[in-house]
Amino acid sequence: MYNKIDYNGQKKKNLFERFANWATIATGSSAAFIIAISVIIVWGITGPIFRYSDTWQLIINTGTTIVTFLMVFLIQKSQNKDSKAIHLKLNELLASHQGASNRMVDIEDITEKELDQLHKFYVQLSALAEEEDDITCTHSIDAATENHATKLNILKTKPHYTNAHKVKSRKSNGTSRPG
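Quantities reported herein were computed from a predicted structural model and do not represent experimental measurements.

Student: Let's hear about the overall build of the protein chain: which residues, and what values?
Tutor: When helices and strands are counted, the protein chain shows 6 helices and 2 strands. Here the protein chain, with 179 residues, has 15% of them falling under the buried criterion. Considering only contacts within the protein chain whose residues lie at least 6 apart along the sequence, 23% involve residues at least 24 apart. Summed over all atoms, the accessible surface of the protein chain reaches about 14,900 Å², with 62% contributed by carbon and sulfur.

Student: If you had to explain the side chain of N91 to someone new, which residues and values would you point to?
Tutor: Looking at the element boundaries, N91 is found in helix α3 (residues 54-96). Here N91 falls in the buried class, since its relative accessible area comes to 12%. The contacts of N91, once residues within four sequence positions are left out, are M104, V105, D106 and E108.

Student: So what's going on with the layout of surface pockets? Residues and values would help.
Tutor: Approximately 490 Å³ is the volume attributed to the largest pocket. Lining the largest pocket are 18 residues, with T27, G63, V67, L70 and M71 positioned closest to its centre. Within the residue set of the lining of the largest pocket, elements represented by two or more residues are α1 (15-27), α2 (30-45) and α3. Residue contributions to the lining of the largest pocket peak at 9 residues, all from α3.

Student: Requested: an account of a nonpolar patch on the surface, with residues and values cited.
Tutor: Together, F33, I34, I37, I41 and I45 make up an exposed nonpolar region whose accessible area comes to about 510 Å². Topologically, I37 is positioned in helix α2. I37 sits in the partly exposed class, given a relative accessible area of 35%.

Student: Before we move on, could you go through the packing of α1 against α3 and cite the residues and values that matter?
Tutor: Put simply, α1 and α3 touch, their axes get as near as 10 Å, and they point 105 degrees apart. Regarding the angle of α1 to α3, the classification is roughly perpendicular. Across the interface between the two elements, F16, E17, A20, N21, A23, T24 and T27 from α1 touch M71, L74, K77, S78 and K81 from α3. Here the contact of α1 with α3 is built from residues that sort into 5 nonpolar, 4 polar and 3 charged.

Student: Could you give an account of α1, with specific residues and numbers?
Tutor: Taking 1.5 Å of rise per residue, the 13 residues of α1 would be expected to cover 18 Å, and the 18 Å separating its terminal C-alpha atoms lies within 8% of that figure. Among the residues of α1, those classed as buried are E17, A20 and A23. What you see down the axis of α1 is that its buried residues fit within an arc of 135 degrees, all on one side. For α1, exposure combined with an orientation more than 90 degrees from the buried face picks out L15, W22 and I25. The distance from a side-chain oxygen at the start of α1 to the backbone nitrogen of F16 is 3.3 Å, and the residue carrying that oxygen is N14.

Calculation criteria
Residues numbered from 1 in each chain as written. Predicted model: local features only at pLDDT ≥ 70, side-chain atom pairs only at ≥ 80, totals over all residues. Heavy atoms only, no water. Helix = DSSP H or I, 4+ residues; strand = E, 2+ residues; numbered from the N terminus. Buried < 20%, exposed > 50% of the residue type's maximum accessible area, 1.4 Å probe, protein only. Contact = heavy atoms within 4.5 Å. Areas by Shrake-Rupley, 256 points an atom, 1.4 Å probe, with all protein chains shown as cover. 1 Å grid on protein atoms, 1.4 Å probe; cavity = no way out; pocket = protein on both sides within 12 Å on 5 of 7 lines; lining within 4 Å. Points joined across faces, edges and corners; volume = space filled by probe spheres on them. Patch = residues over 30% accessible without salt bridge, like charges linked within 9 Å, V, L, I, M, F, W, Y side chains within 5 Å. Salt bridge = Lys/Arg side-chain N within 4 Å of Asp/Glu carboxyl O. Axes fitted to C-alpha atoms, helices over the stretch in contact; angles between N-to-C directions. Parallel < 35°, antiparallel > 145°, perpendicular 65-115°, else oblique. Nonpolar A, V, L, I, M, F, W, Y, C, P; charged D, E, K, R; others polar. Expected span 1.5 Å × (residues − 1). Arc of directions from axis to C-beta. Polar contact = N/O pair within 3.5 Å; in protein donor to acceptor, adjacent residues only side chain to side chain.

Now the structure itself:
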């Protein structure tokens, strides 16, 4: 387990967790950017002093390579932690909302092909939503098509829908006479 409980009942983070949090905050600060720019300026100014030697170039190349190498892991750890926290928050919202599909909880574990299928479903759901008069209407995965069909059947009985649908079909056919 990564965290231990101390005597006050507080979670105590391990050394790497504390260092990673500190380093993420520190390297993402304005001060870190200013320090990096300063190092590059000092390196550039010292070029004529060292006659732009191979060693002078090697210093900046080695330094930036090491920093980049370490930052890749630090950034990945930070992104993994943020991603996990966001997923947990979204899972909590899904689990707490009556109309939401619980199938979406832990969706990050499904295959790319399954994600593509869900994406196609939501594109279709978006198209269905565009046909509705009520922009606040929502659907779960399981009920979307059935809800839309029911609403559409009810809507078709209303005069404003019937007239608007006739005008729309005449415009697509090239005739624009009101019926």
